[in-house]
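Notes for the structure review
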Amino acid sequence: MKRTSFAEMHCSIGQSLERVGEWWTPLIVRDVYLGLHRFDDIAENLGIARNLLTRRLETLVTHGIVERRAYQERPLRHEYHLTDAGRELVPVLMALMAWGDKWATPTGGAPVRLVHHECGAEFTPQVCCSVCGKPVTTADVTALPGPGAASGPGTRVLARRGGLAPEEP
């Protein structure tokens, strides 16, 4: 089954999903973050078909989320490592994990615990304001049209509400 493409969607979430929204992708990024850098290790850990993993890794490399590094010349073999973009995706996955731990906990409890290097404490990831540092919830935030809001898929209604697009009849 072919999935819907969000390539034309004028929305940062849609554009992000175009790059990392395929089901296996967050799990592959998670595994690379956890230190599984070799193809065979990732394939074994996920139980994913090799041809599917090859395609997913190629997509991640193309979008600059993962980079390939040769570790053997004959035969040529590569390891996979997160780029800056990939490392910045990990906290998003940690937040998704925290949501899953709360609302979709596997039998037996959370499978992973996160420990902050600086203070040594176990923690639950949360989204915080980049200015004041306080946690934010949907009740604490107002979404306003940004400079890229346009009358198109993904931002049509927001652009109209912000007066950036004509009202529809």
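No experiment lies behind these values; they were computed from the predicted model shown. (Residues numbered from 1 in each chain as written. Predicted model: local features only at pLDDT ≥ 70, side-chain atom pairs only at ≥ 80, totals over all residues. Heavy atoms only, no water.)

Some points on the overall build of the protein
The helix and strand tally for the protein stands at six helices and two strands. The helix and strand sequence of the protein, counted from the amino end, reads α-α-α-α-β-β-α-α. Its C-alpha radius of gyration of 19 Å places the protein more than 25% over the 15 Å reference for a compact globule of 169 residues. In terms of overall dimensions, the protein has a C-alpha envelope of 65 × 40 × 30 Å along the principal axes. (Helix = DSSP H or I, 4+ residues; strand = E, 2+ residues; numbered from the N terminus. Rg over C-alpha atoms; globule rule 2.2 N^0.38 Å.)

Some points on unusual backbone geometry
Residue arginine 74 is joined to proline 75 through a cis peptide bond whose omega torsion reads -10 degrees. Mapping proline 75 onto the fold places it in the loop between strand 1 (66-72) and strand 2 (77-82).

As for the pairing of strand 1
Two strands pair when backbone bridges link them, and strand 1 and strand 2 are joined in this way by six bridges, in the antiparallel orientation. Pairing of glutamate 67 across the sheet is with histidine 81, part of strand 2. Linking strand 1 to strand 2, which pair antiparallel, is a turn of four residues. (Pairing = 2+ DSSP bridges.)

Overview of the environment of arginine 30
Inspection of the secondary structure assignment puts arginine 30 in helix 2 (residues 24-33). With relative accessibility at 34%, the residue arginine 30 sits in the partly exposed group. A sequence separation of 30 residues divides arginine 30 from leucine 60, and the C-alpha atoms of the two residues are 13 Å apart. Once you skip the residues sitting within four places of it in the chain, arginine 30 turns out to touch Asn45, Leu46 and Leu93. Here the side chain of arginine 30 touches aspartate 31 through a polar contact of 2.9 Å, side chain to side chain. (Buried < 20%, exposed > 50% of the residue type's maximum accessible area, 1.4 Å probe, protein only. Contact = heavy atoms within 4.5 Å. Polar contact = N/O pair within 3.5 Å; in protein donor to acceptor, adjacent residues only side chain to side chain.)

Geometric descriptors of this kind do not, in isolation, establish any biological role.
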